[in-house]
Amino acid sequence: MSAVDSSHDSHDVVVIGGGPAGSVAGTFLAREGLRVLLLEKEHFPRFAIGESLLPYSNDILRELGVFEDLEKAGFTPKHGAEFCTGEGARFQRFWFAKSLQPQYAQSFQVDRATFDHILLNKAAEAGCHVQQGAKVTRLAPVSEAGPHRLEFQTEGTTRTVTTRWIIDASGRGGFAGKALGIPKLQTQKSRRVAIYGHFKGVLRNSGKAGGHTTIVRFKDGWFWLIPLANDVTSVGLVVPTETVRLCEGDVSQVFEQAVRANPELVARLARAQNTVPLRATADYSWRFRSFATPRVLLAGDAAGFVDPIFSSGVLLAMKSGRLAAHEIIRAHQQNRELSEGEQIQYTRKVAEWMEVYHGIVNAFYKRPGFEVFMNPAAFLKIPGSIAHIVGGNTELPFSLGWRFKLFQALCGLQRFFNIAPAISSLR
Ligand SMILES: Cc1cc2nc3c(=O)[nH]c(=O)nc-3n(C[C@H](O)[C@H](O)[C@H](O)COP(=O)(O)OP(=O)(O)OC[C@H]3O[C@@H](n4cnc5c(N)ncnc54)[C@H](O)[C@@H]3O)c2cc1C
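Since this is a predicted model, take the numbers as computed values, not measurements.

Conventions and cut-offs
Residues numbered from 1 in each chain as written. Predicted model: local features only at pLDDT ≥ 70, side-chain atom pairs only at ≥ 80, totals over all residues. Heavy atoms only, no water. Pairing = 2+ DSSP bridges. Helix = DSSP H or I, 4+ residues; strand = E, 2+ residues; numbered from the N terminus. Buried < 20%, exposed > 50% of the residue type's maximum accessible area, 1.4 Å probe, protein only. Near = heavy atom within 4 Å. Polar contact = N/O pair within 3.5 Å; in protein donor to acceptor, adjacent residues only side chain to side chain. Areas by Shrake-Rupley, 256 points an atom, 1.4 Å probe, with all protein chains shown as cover. Nonpolar A, V, L, I, M, F, W, Y, C, P; charged D, E, K, R; others polar. Domains from an automatic or database assignment.

1. As for the sheet that holds strand S11 (residues 184–186)
Judged by pairing direction, the sheet is antiparallel, and its three strands sit side by side in the order S11-S18-S20 without closing on themselves. Edge strands, defined here as strands with exactly one partner in the open sheet, are S11 and strand S20 (304–305). The pairing of S11 with strand S18 (residues 286–288) spans three bridges and is classified as antiparallel. Bridging from a neighbouring strand, lysine 184 pairs with phenylalanine 288 of S18.

So this is what it looks like as structure tokens:
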């Protein structure tokens, strides 16, 4: 790992963070010949949550040239997802192959430490200068439109680097958004906590459905079960912050109580043993009002966080990382900063992708919406449009978009009329 030259402007772009957003951005930038420094505070491989991928990520994974690497890495093939209620009475299973084109028939359940490392290595291979153990601590514009000076700490010393462009891919900490004072918007009212761990011996579906993500919804929250390799299953619980407060912050107690209260979980975890202590993290949606300045772009969770129920985070991180890279490549080649229009356009595009998920997340959390979701009217091909979103298609063409709008309208009507059968355990 070579030392950073801080005495002159030696990099075109600094990418903050080596998660999926940062590695994807770094790879595309370096492939176009830009001099890229990627600063990552941890040393990889490192743990990260967010293990279920969506098939619409396949395009980017193929563009990066890592799709075969993922197949070789032995990650669990994921052919769909399923949703059920805590007492097990209601069940809805999606198969990607049924509704999506063949290239989206399969995705992966990944150990993120390995997955993120594969992507970071790809960025280095493309020519990106990757520095691990380098935590960015300060960002200051040298002039109003840049360049920017960044301070980072590595091996006990503070260094500075000046750069024309910055992509902030630092994750949920939102480093640059905060440093630039961009206001935050809370896009979900309720605050929730996720409590999760890895377990061995969890009861799995048989056959191809053995790789499905299982989501179990009960009155006050939901569980995820994500089957990873070597009989490890990622099991997580999402509940309102208030539930954890009532148990005086004892997350193990909250987790055990919720398992006991849901027969579906009792059955699946009957022989399970956790292999790592449970972790907990805040879990609610927000985003910065804007994701761009003339010289800084926010990508992935550093732009905003979408509730993870539909496993959209890594997809959105990779998509926004790729888009941010393309925006910079175009402007850099024309030796100019991003115009106001381009900044607005970037924010609008990424926010639109997030919006698709906010729409379906809202339906999931509200009882009437979930009742319709578990019974999407088979007429007018509505289940097909839902399957596209479950698979990660954020560019809904008109033919799917209006069906999704109709689905949302049905969710609204369900409050007054029983369009879909009621789910008594949620009432
Ligand atoms: C409970 C939960 C469950 C989830 N489940 C899923 C799921 O099943 N599927 C899915 O797709 N998504 C899921 N997500 C979302 C997913 O984890 C994120 O959306 C995804 O990791 C975002 O990628 P990123 O590259 O933007 O950020 P990250 O993956 O967070 O990467 C950011 C990187 O930046 C580094 N960094 C941070 N600050 C600095 C700094 N100052 N200097 C240098 N480096 C820095 C960090 O060390 C990290 O490596 C889940 C999230 C949560 C909270």
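2. Here's the deal with the pairing of strand S4 (residues 80–85)
Residues in a regular strand point their side chains to alternate faces of the sheet. Most of S4 sits inside the fold, with six of its six residues counted as buried. On S4, burial covers both faces: Gly80, Glu82 and Cys84 on one face and Ala81, Phe83 and Thr85 on the other are all buried. Taken together, the five bridges between S4 and strand S5 (residues 91–95) define a ladder with antiparallel strand orientation. Directly across from glutamate 82, in S5, lies its bridge partner arginine 93. Between the antiparallel neighbours S4 and S5 lie five residues, among them glycine 88 with a positive phi of about 85°. As defined by bridge partners, S4 adjoins strand S13 (residues 213–218) across five bridges and the pair is classed as parallel. Its bridge partner being in S13, glutamate 82 is matched across the sheet by threonine 214.

3. Topic: the site of the ligand
In the region of the ligand, 36 residues are neighbours, and Glu40, Ile49, Ser52, Asp301 and Val314 sit closest. One nitrogen or oxygen atom from the side chain of arginine 112 is found 2.9 Å from an oxygen atom belonging to the ligand. Contacts to the ligand include aspartate 301, whose side-chain N or O atom sits 2.8 Å from an oxygen atom. Notes on the ligand: free accessible area 1000 Å², of which the protein chains cover 92%. Elements supplying a minimum of two residues to the shell around the ligand: helix H1 (20–31), strand S2 (36–40), strand S8 (134–141), strand S14 (221–227) and helix H10 (313–333). Across the shell around the ligand, the residue classes break down as 16 nonpolar, eleven polar and nine charged. Among the domains, domain 1 (11–52 + 113–186 + 286–353) and domain 2 (76–107 + 189–282) are the pair contributing at least three residues each to the shell around the ligand.

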